[in-house]
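A closer look at the structure
Single-letter residue listing:
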Amino acid sequence: MVSHTSRRNVLRGGFCTAAAATGTPPGPLVEAVDIELDSLEPLPASRVGWGDARHLSLSARGRNHRFDGRPDHVWVAGRTGDVVRAVQDAVHTRRRIAARSGGHCYEGFVADPDVRTVIDMSGMAAVYWDEARRAHAVEAGATLGETYRRLYLGWGVTVPAGRCPSVGAGGHVVGGGSGPLSRTLGLSVDHLYAVEVVVVDAAGRARSVIATRDPEDPHRDLWWAHTGGGGGTFGVVTRYWFRDLPSPPAAALTFDVRWPWRGLDRASFVRMLDAHGRWIERNSTPGMPSNRLYSELRLTRPGSGEIALVGQVASASRGYAERLLADHVTAISAGLPVRPTVRTRFQPWLASALEDSPAGFPRLKAKSAHLRTRLSTRQSETLYRHLTREDYDHPGGCLTLCTSGGMVNAIAPDATAVPHRDAVMKLTLVNGWDGPEDEPRHLAWTRETYRDLFAGSGGVPPAEDGALINYPDIDLADPLWNKGAPWQRLYFGANHARLRRVKARWDPRAVFHHPLSVRA
């Protein structure tokens with residue numbers, strides 16, 4: 001049962017934030033006019049083949065243009081039943097299947113020539129209060145931006161999740177879901193009560209299953225697998241339910257700090273990274289006031305002109321936010337021969353959450369790592385060498401160090417499928433470029449930089465650190481580039497064995513798979 005007024009319109013009057021946050025039904029504070037923002041009536045189901053003009057737009061909707069899928073048809077789903085029908089058709093016709101929500105995957109898991117059936121989830125984008133489950137429901141096709149907007153305007157709550165508002169909830173949440181508020185509010189999956197998944201049994205029958213975190217739920221293992229096991233492994237997620245959602249701060253101080261590359265030599269670069277890492281190590285204990293600060297230190301190549309520190313301080317007090325930012329910037333800048341320029345903007349929290357980054361290069365390669373400590377001197381020197389290499393002049397490469405820790409570290413590593421609960425930073429190495437003509441050179445720089453950065457552990461992060469499944473990198477499964485820990489351990493840690501058991505139970509025919517999916 002779904003609350004009719006909530007499903008139609010998240011702005012039908014005000015709603016009691018405290019009631020919604022504790023899993024009790026939201027009640028109107030005042031009588032209000034019914035403001036119809038947009039219709040949430042589901043799209044009609046469509047099976048779009050090559051003869052349909054929509055096929056090109058739907059099949060090429062992925063963000064990373066390195067990959068070019070050619071599915072026989074794309075199913076546009078409006079309801080869970082549409083997804084069941086699409087999956088059943090793929091099983092009967094022996095077509096490999098994949099689902100797409102936001103289309104932000106860094107690898108070609110959907111845009112793969114072997115994938116013959118794609119289920120497009122963008123038509124399932126409702127965000128509403130589900131009275132029967134006393135939880136907020138988010139359909140898999142909803143973008144993070146729309147999820148933030150509807151949850152906040154309707155109930156004054158949010159799901160702590162990613163910074164990019166155009167990312168789809170479908171693949172993001174099942175990989176754990178982290179973002180600017182995670183240091184104070186935890187991961188998305190720390191608030192996940194239930195998930196609806198279309199699965200296929202041993203007889204080849206497709207059906208939808210709702211799995212909850214309730215201890216007595218016989219499907220609880222399927223819920224657990226969707227708290228960090230990654231997308232495209234166990235079935236097609238159609239809906240999430242969240243309970244006890246927190247309220248974000250009323251405002252946030254967003255910032256953009258720049259240090260000029262000119263004047264930075266190797267020694268000062270290493271000093272900068274060491275100081276940055278020390279600040280994060282000191283300020284990552286759960287519950288610290290400084291958890292309110294989230295930053296990304298973007299270490300670009302000198303051709304970009306500047307090294308950037310961007311992020312936000314989530315606080316309704318501008319003075320407090322500015323003092324916390326000043327402490328962060330002062331610590332990083334200590335002893336540097338260059339001074340930073342600091343630009344800030346104090347704005348309502350929702351405005352900060354809906355800000356999107358400028359569009360980058362259309363072709364991308366990404367790598368990641370969790371870090372339990374700051375980079376070593378050797379690693380910083382290695383990074384400096386690759387960023388300043390004279391035999392590679394492309395400006396697209398960037399290594400980013402994002403703050404983590406805080407409440408992310410307050411959860412046991414086996415309570416959800418996310419095992420990396422002791423990291424204080426996330427490392428992402430992303431390179432982007434325009435066309436295919438020079439792709440081998442760009443891939444080589446990206447792979448060599450990552451390999452040399454982790455030379456002490458076989459060219460990949462140490463097993464106890466690991467990598468982020470939401471930033472998939474098929475090189476981790478390639479012995480040419482990975483001479484260290486197996487990719488399954490890097491992504492899933494000690495939870496891998498349990499994930500394999502869930503896979504064997506819920507996808508016995510291995511209908512859902514890609515190069516980095518869990519295997520039974």
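Model, not experiment: these values are computed from the prediction.

A few words on the overall build of the chain. For the chain, the count of helices and strands is 15 helices and 16 strands. If you line up the chain on its principal axes, its C-alpha atoms span 60 × 55 × 45 Å. With 520 residues in all, the chain has 58% of them scored as buried. A fraction of 74% describes how many contacts in the chain between residues 6 or more apart in sequence connect residues 24 or more apart. Accessible area for the chain stands at about 20,300 Å²; split by element, carbon and sulfur atoms hold 53% of it. The average position of the 64 basic charges and that of the 54 acidic charges among the side chains of the chain differ by 2 Å.

As a further point, take the pattern of salt bridges. Inspection of every chain in the model, using the stated rule, returns 43 salt bridges. Across the pair D244 and R213 runs a salt bridge, and its minimum N-O distance is 3.5 Å. Placement of D244 in the loop between strand 9 (236–242) and strand 10 (251–260) and of R213 in the loop between strand 8 (206–212) and helix 8 (220–225) is noted, with a sequence separation of 31 residues between them. Here D244 falls in the partly exposed class, since its relative accessible area comes to 39%. Across the pair R258 and D256 runs a salt bridge whose closest N-O atoms are separated by 2.6 Å. Overlapping salt bridges bring together E107, K365, K367, R447, D473 and D475 as one network.

Although it is not a glycine, R134 sits at a positive phi angle of roughly 50°. You can see R134 is positioned in the loop between strand 5 (127–130) and strand 6 (135–139). We classify R134 as partly exposed; its relative accessible area is 31%. Notably, D244 is not glycine yet its phi reads approximately 55°, a positive angle.

A separate point is the confidence of the model for the chain. Summarising the model, the chain shows a mean pLDDT of 92, and 92% of its residues fall at 70 or more. Per-residue pLDDT stays below 50 along residues 1–39; that stretch engages in 73 contacts with residues further than four places along the chain or on separate chains.

Spatially, the five strands line up as an open sheet ordered 5-6-9-7-8, and their pairing is antiparallel. What marks the edges here is a single partner per strand, and that holds for strand 5 and strand 8. Each neighbouring strand pair of the sheet contributes to a mean axis angle of 25°, computed without reference to strand direction. In this structure, strand 6 lies alongside strand 9, joined through four bridges in antiparallel fashion. Bridging from a neighbouring strand, E139 pairs with R239 of strand 9. Here helix 4 (residues 80–93) sits on the sheet and contacts strand 7 (192–200), strand 8 and strand 9; the angle it forms with strand 7, its principal contact strand, is near 35°.

Overall, the coordinates contain five cavities of 30 Å³ or more when judged by the stated rule. Roughly 120 Å³ of internal volume is contained in the largest cavity. If you trace the largest cavity, you find 13 residues lining it, with Y148, G162, P180, W349 and A353 closest to the centre. Here the lining of the largest cavity gets three residues from one element, more than from any other, and that element is helix 11 (residues 349–353). Looking at side-chain class alone, the lining of the largest cavity contains eight nonpolar, four polar and one charged residues.

Right, let's get into the UniProt feature "domain: FAD-binding PCMH-type" (unreviewed entry) in the chain. Look at the UniProt record and you will see "domain: FAD-binding PCMH-type" (unreviewed entry) annotated at residues 67–247. End-to-end, the C-alpha atoms of residues 67–247 are 39 Å apart, and along that stretch the chain is 23% helix and 24% strand.

This paragraph deals with the side chain of Q312. With respect to the helices and strands, Q312 occurs in strand 12 (residues 306–314). On the basis of relative accessibility, which here comes to 8%, the residue Q312 falls in the buried class.

Take helix 9 (residues 266–282) next. Between its first and last C-alpha atoms helix 9 spans 25 Å; for 17 residues at 1.5 Å apiece the expected length is 24 Å, and the two agree. Of all the positions in helix 9, only S268, F269, V270, M272, L273, A275, H276, G277, W279 and I280 are classed as buried.

A word on the packing of helix 9 against helix 12 (residues 377–387). Helices that pack against each other are described as a pair by the angle of their axes relative to one another and the distance between those axes. Contact geometry of helix 9 with helix 12 gives a least axis separation of 9 Å together with a crossing angle of 125°. If you check the angle between helix 9 and helix 12, you find them oblique. Viewed along their axes, helix 9 and helix 12 form a crossing whose handedness is right-handed. Contacts between helix 9 and helix 12 involve R266, F269, V270 and L273 from the first element and T377, S380, E381, L383, Y384 and L387 from the second.

Turning to the sheet that holds strand 11 (residues 293–300), a few remarks are in order. The sheet built from seven strands is open, its strands ordered 13-10-12-11-15-16-14 with antiparallel pairing. This sheet does not close on itself; its edge strands, each paired only once, are strand 13 (341–348) and strand 14 (363–371). Taking the axes of each pair of neighbouring strands and ignoring which way they run, one obtains an average angle of 15° across the sheet. When strand 11 meets strand 12, the two strands line up antiparallel, connected through six bridges. Its bridge partner lying in strand 12, S295 is registered against G311. Taken strand by strand, helix 10 (residues 318–333) contacts strand 10, strand 11, strand 12 and strand 13, and its axis lies near 25° from that of strand 10.

Structurally, the position occupied by S182 is in helix 7 (residues 182–185). What makes S182 buried here is its relative accessible area of 3%. One polar contact links the side chain of S182 to the main-chain amide nitrogen of G179, over a distance of 2.9 Å.

Attention shifts here to the packing of aromatic side chains. Counted under the stated rule, the structure contains ten aromatic pairs. Taking the centre distance of 6.2 Å and the plane angle of 65° together, the rings of Y148 and W349 count as edge-to-face. Of this pair, Y148 sits in helix 5 (residues 144–155) while W349 sits in helix 11, and the two are 201 residues apart along the sequence. Accessibility classification places Y148 together with W349 in one group, the buried group. With centroids separated by 5.1 Å and ring planes inclined at 65°, the aromatic side chains of Y152 and W349 adopt a geometry described as edge-to-face. Taken together, the positions of Y152 in helix 5 and W349 in helix 11 put the pair 197 residues apart, joining distant regions of the chain. In this structure Y152 comes out as partly exposed when scored by relative accessible area, which is 24%. Residue class for W349 comes out buried when judged on its relative accessible area of 3%. Among the aromatic residues, ring-to-ring pairing joins Y148, Y152 and W349 into one connected group.

Here is what the cut-offs are and how they apply
Residues numbered from 1 in each chain as written. Predicted model: local features only at pLDDT ≥ 70, side-chain atom pairs only at ≥ 80, totals over all residues. Heavy atoms only, no water. Helix = DSSP H or I, 4+ residues; strand = E, 2+ residues; numbered from the N terminus. Buried < 20%, exposed > 50% of the residue type's maximum accessible area, 1.4 Å probe, protein only. Contact = heavy atoms within 4.5 Å. Areas by Shrake-Rupley, 256 points an atom, 1.4 Å probe, with all protein chains shown as cover. Lys, Arg positive; Asp, Glu negative; His and termini not counted. Charge placed at Lys NZ, Arg CZ, Asp CG, Glu CD. Salt bridge = Lys/Arg side-chain N within 4 Å of Asp/Glu carboxyl O. pLDDT = per-residue confidence, 0-100. Pairing = 2+ DSSP bridges. Axes fitted to C-alpha atoms, helices over the stretch in contact; angles between N-to-C directions. 1 Å grid on protein atoms, 1.4 Å probe; cavity = no way out; pocket = protein on both sides within 12 Å on 5 of 7 lines; lining within 4 Å. Points joined across faces, edges and corners; volume = space filled by probe spheres on them. Nonpolar A, V, L, I, M, F, W, Y, C, P; charged D, E, K, R; others polar. UniProt positions renumbered as here; feature names shortened; annotations may be inferred. Expected span 1.5 Å × (residues − 1). Parallel < 35°, antiparallel > 145°, perpendicular 65-115°, else oblique. Left-handed = near helix turned anticlockwise from the far one by under 90°. Polar contact = N/O pair within 3.5 Å; in protein donor to acceptor, adjacent residues only side chain to side chain. Phe/Tyr/Trp six-rings, centres within 6.5 Å; stacked < 30°, edge-to-face > 60°.

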